[in-house]
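# A look at the structure
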Amino acid sequence: MIKWNNLNTLSSFENLSKVERVKLAEVMSGENGADRVKKYTIPMAAGLSYNYAAKQVDDDVLEALTKLAEEAQLAEKFEALYNGEVINTGEKRLVLHHMTRGQLGEAVEADGVDKRTFYTEQQKKIADFANKVHAGEITNAAGEKFTTVVQIGIGGSDLGPRAMYLALENWAKKNNTFKMEAKFISNVDPDDAAAVLNSIDVAHSIFVLVSKSGTTLETLTNESFVKDALKNAGLDASKHMIAVTSETSPLAKSDDYLAAFFMDDYIGGRFSSTSAVGGAVLSLAFGPEVFAQFLQGAAEEDKLAMNKNVLENPEMLDALIGVYERNVLGYPSTAVLPYSQALSRFPAHLQQLDMESNGKSVNRFGEAVDYPTGPVIFGEPGTNGQHSFYQLLHQGTDIVPLQFVGFKNSQIGTDVVIQDSTSQQKLCANVAAQIVAFACGKADENKNKNFKGGRPSSIIIGEELTPEALGALLAHFENKIMFQGFVWNVNSFDQEGVQLGKVLAKRVLAHETDGALKVFSDLLNI
Ligand SMILES: O=P(O)(O)OC[C@H]1O[C@](O)(CO)[C@@H](O)[C@@H]1O
């Protein structure tokens with residue numbers, strides 16, 4: 001029997017807050033620190049590992065976290081989710097994104113169909129379509145091959161697929177699986193669509209309109225923008241556009257598209273990278289086999305997330321340490337710092353994934369919670385971040401937990417030796433140095449040069465950022481955020497907080513304003 005209780009009603013949480021705090025600078029120094037780095041690590045899928053040696057934990061904290069996981073029934077709640085319970089209570093929906101990449105539990109039937117079959121059928125349809133485009137069987141009206149794919153979508157219909165595309169673009173070029181260049185239009189700022197359209201050859205471009213709801217104003221506006229451009233170039237828009245949407249959306253039955261692929265309401269936008277939302281653009285860009293490898297990595301990581309032993313479950317442990325940092329140690333934000341240029345937009349994707357999921361102040365029954373929930377997430381790839389905001393991270397008044405990601409090898413492989421080391425070695429040296437610098441600090445009589453240390457971090461380490469590794473990385477964070485939502489007793493799968501701004505913007509556009517809204521409308525010349 002699953003119980004949905006607030007975090008601060010759990011006795012294991014009270015016990016956790018009484019466990020003696022770990023002095024990170026002390027435990028990470030000398031041989032003790034070396035032992036921790038070897039001991040506090042968990043294997044992940046695709047050769048990745050999650051190392052939490054530099055987190056503010058020891059065996060006592062880990063034991064208390066294990067008890068919290070048990071009392072909060074994290075494994076049971078995940079099981080209920082993948083077996084098709086209505087976990088998204090706010091919208092009365094199942095939560096099925098795991099099924100886009102595998103079958104973790106029982107078969108789930110909804111809307112009269114087996115859902116795993118539905119998702120795999122969509123994948124097959126996309127693969128078939130992509131193969132025909134690559135083979136020149138589906139072409140533009142002049143019978144010429146498409147060379148570019150442009151995704152039109154926003155939020156979850158943009159950030160995840162864009163981050164995944166950028167993560168694999170160079171890998172695919174190096175491994176001869178690169179098929180088509182991809183571009184993305186998301187913002188309703190006309191300069192976004194105009195700049196992308198100016199940079200491509202529209203006659204040889206295929207546009208993927210992605211909107212689960214089929215009602216998002218930004219996306220529909222950008223669709224019109226693109227249709228105008230196609231018309232102005234003397235082209236038939238319906239021969240250049242495909243749609244990814246839910247079967248119940250207004251876009252589903254339209255004749256305006258060359259083809260339509262479906263997801264459904266059981267997949268939240270921000271959790272949709274492994275559905276048709278990411279599948280169409282990634283299969284067109286890199287081929288369906290690469291997309292399948294990406295799904296495989298995610299599926300393997302999902303299986304690890306099922307493990308009831310917290311110390312063998314990287315997602316659950318990462319989630320619990322995050323809760324400890326947020327609710328016991330009182331840290332308000334988390335920085336995501338990939339030491340990989342290919343992951344340049346991964347922090348932006350995690351921002352939506354985490355903040356839209358767990359940025360809630362009521363529990364899943366709509367009652368106010370009186371403890372902090374989701375942290376502020378931000379990040380940049382290293383080493384660029386080091387020359388930007390790391391000053392605050394090292395010496396600022398707030399302690400910001402850090403989530404590093406690093407790979408032993410680069411994707412392209414081209415490198416240079418300067419001062420006896422390659423660029424890749426310099427990159428990896430920097431992330432190792434940062435972990436220890438943040439944890440241990442450095443005493444200096446000059447207070448301006450003093451580093452207190454005690455700043456916790458974890459790192460996910462891999463051999464190389466491959467499609468499997470990327471899938472595993474994505475699934476790690478999706479599952480981590482899900483587990484945190486369970487601990488905080490919030491519904492991580494709705495997003496009512498985005499509605500008010502949309503409603504007010506419509507009022508501004510309809511000139512139905514008064515008070516401050518009217519003055520701002522006048523100031524902005526609307
Ligand atoms: O795919 P859609 O329905 O256009 O939604 C786009 C995005 O808008 C949001 O609903 C927020 O406004 C996100 O959750 C979602 O990813």
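A brief report on the enclosed structure follows. (Residues numbered from 1 in each chain as written. Predicted model: local features only at pLDDT ≥ 70, side-chain atom pairs only at ≥ 80, totals over all residues. Heavy atoms only, no water.)

## Considering the sheet that holds strand β12 (residues 402–407)
This is how it is decided: A pair of strands is labelled paired if DSSP reports no fewer than 2 bridges between them. Helix and strand assignments follow DSSP, with helices taken as H or I runs no shorter than four residues and strands as E runs no shorter than two, numbered in order from the N terminus. Axis definition: a line fit to C-alpha positions, over the contact stretch in the case of helices; interaxial angles, taken between N-to-C directions, run 0 to 180 degrees. Residues are treated as being in contact if the distance between any of their heavy atoms lies within 4.5 Å.
Taken together, six strands build an open sheet; the order of strands is β1-β2-β15-β12-β10-β11 and the sheet is mixed. Each edge of the open sheet is held by one strand with a lone partner, namely β1 (41–43) and β11 (376–379). Across the sheet, the mean angle from the axis of one strand to that of its neighbour is 20°, orientation sign disregarded. Both strand β2 (residues 49–51) and strand β15 (residues 457–462) contribute to a ladder of three bridges, which runs antiparallel. If you follow Tyr 50 over to β15, its bridge partner there is Ile 460. The sheet contacts of helix α15 (residues 423–440) involve β10 (333–339), β12 and β15, and relative to β12 the element is tilted by about 155°.

## Brief notes about the packing of aromatic side chains
Working definition: an aromatic ring pair is given by the centre-to-centre distance plus the angle between the planes. Let me state the cut-off plainly: Any two rings among Phe, Tyr and Trp, with Trp reduced to its six-membered ring, count as a pair given centres within 6.5 Å; such a pair is stacked if its planes are under 30 degrees apart, edge-to-face if over 60, and tilted if neither. Categorising residues by exposure relies on relative accessible area from a 1.4 Å probe, with only protein chains included: less than 20% of the type maximum marks a residue as buried, more than 50% marks it as exposed, and the intermediate range marks it as partly exposed.
Summed over the entire model, instances satisfying the criterion amount to 19 aromatic pairs. Taking the centre distance of 5.2 Å and the plane angle of 45° together, the rings of Phe 271 and Phe 493 count as tilted. Remark: Phe 493 occurs in the loop between α16 (467–488) and α17 (499–509) and Phe 271 occurs in the loop between β9 (259–263) and α10 (276–286); sequence separation between them is 222 residues. Between Tyr 390 and Phe 438, the ring centres sit 5.8 Å apart and the planes meet at 55°, which makes this aromatic pair tilted. Taken as a pair, Tyr 390 in helix α14 (residues 390–395) and Phe 438 in helix α15 lie far apart in primary sequence, 48 residues in all. Residue classification places Phe 438 among the buried residues on the basis of a relative accessible area of 1%. Among the aromatic residues, those joined into a cluster by ring pairs are Tyr 339, Phe 378, Phe 389, Tyr 390, Phe 404 and Phe 438.

## Observations concerning the sheet that holds strand β5 (residues 148–152)
Spatially, the five strands line up as an open sheet ordered β6-β5-β7-β8-β9, and their pairing is parallel. Of all strands in the sheet, those with a lone pairing partner are β6 (181–185) and β9, marking the two edges. For this sheet, the mean angle separating the axes of adjacent strands, direction not counted, is 20°. Strand direction decides the pairing type here: strand β7 (residues 205–210) and strand β8 (residues 241–246), joined by four bridges, are parallel. Bridge pairing links Phe 207 to Met 241 in β8. Here helix α6 (residues 115–135) sits on the sheet and contacts β7, β8 and β9; the angle it forms with β9, its principal contact strand, is near 150°. Here helix α7 (residues 159–174) sits on the sheet and contacts β5 and β6; the angle it forms with β6, its principal contact strand, is near 150°.

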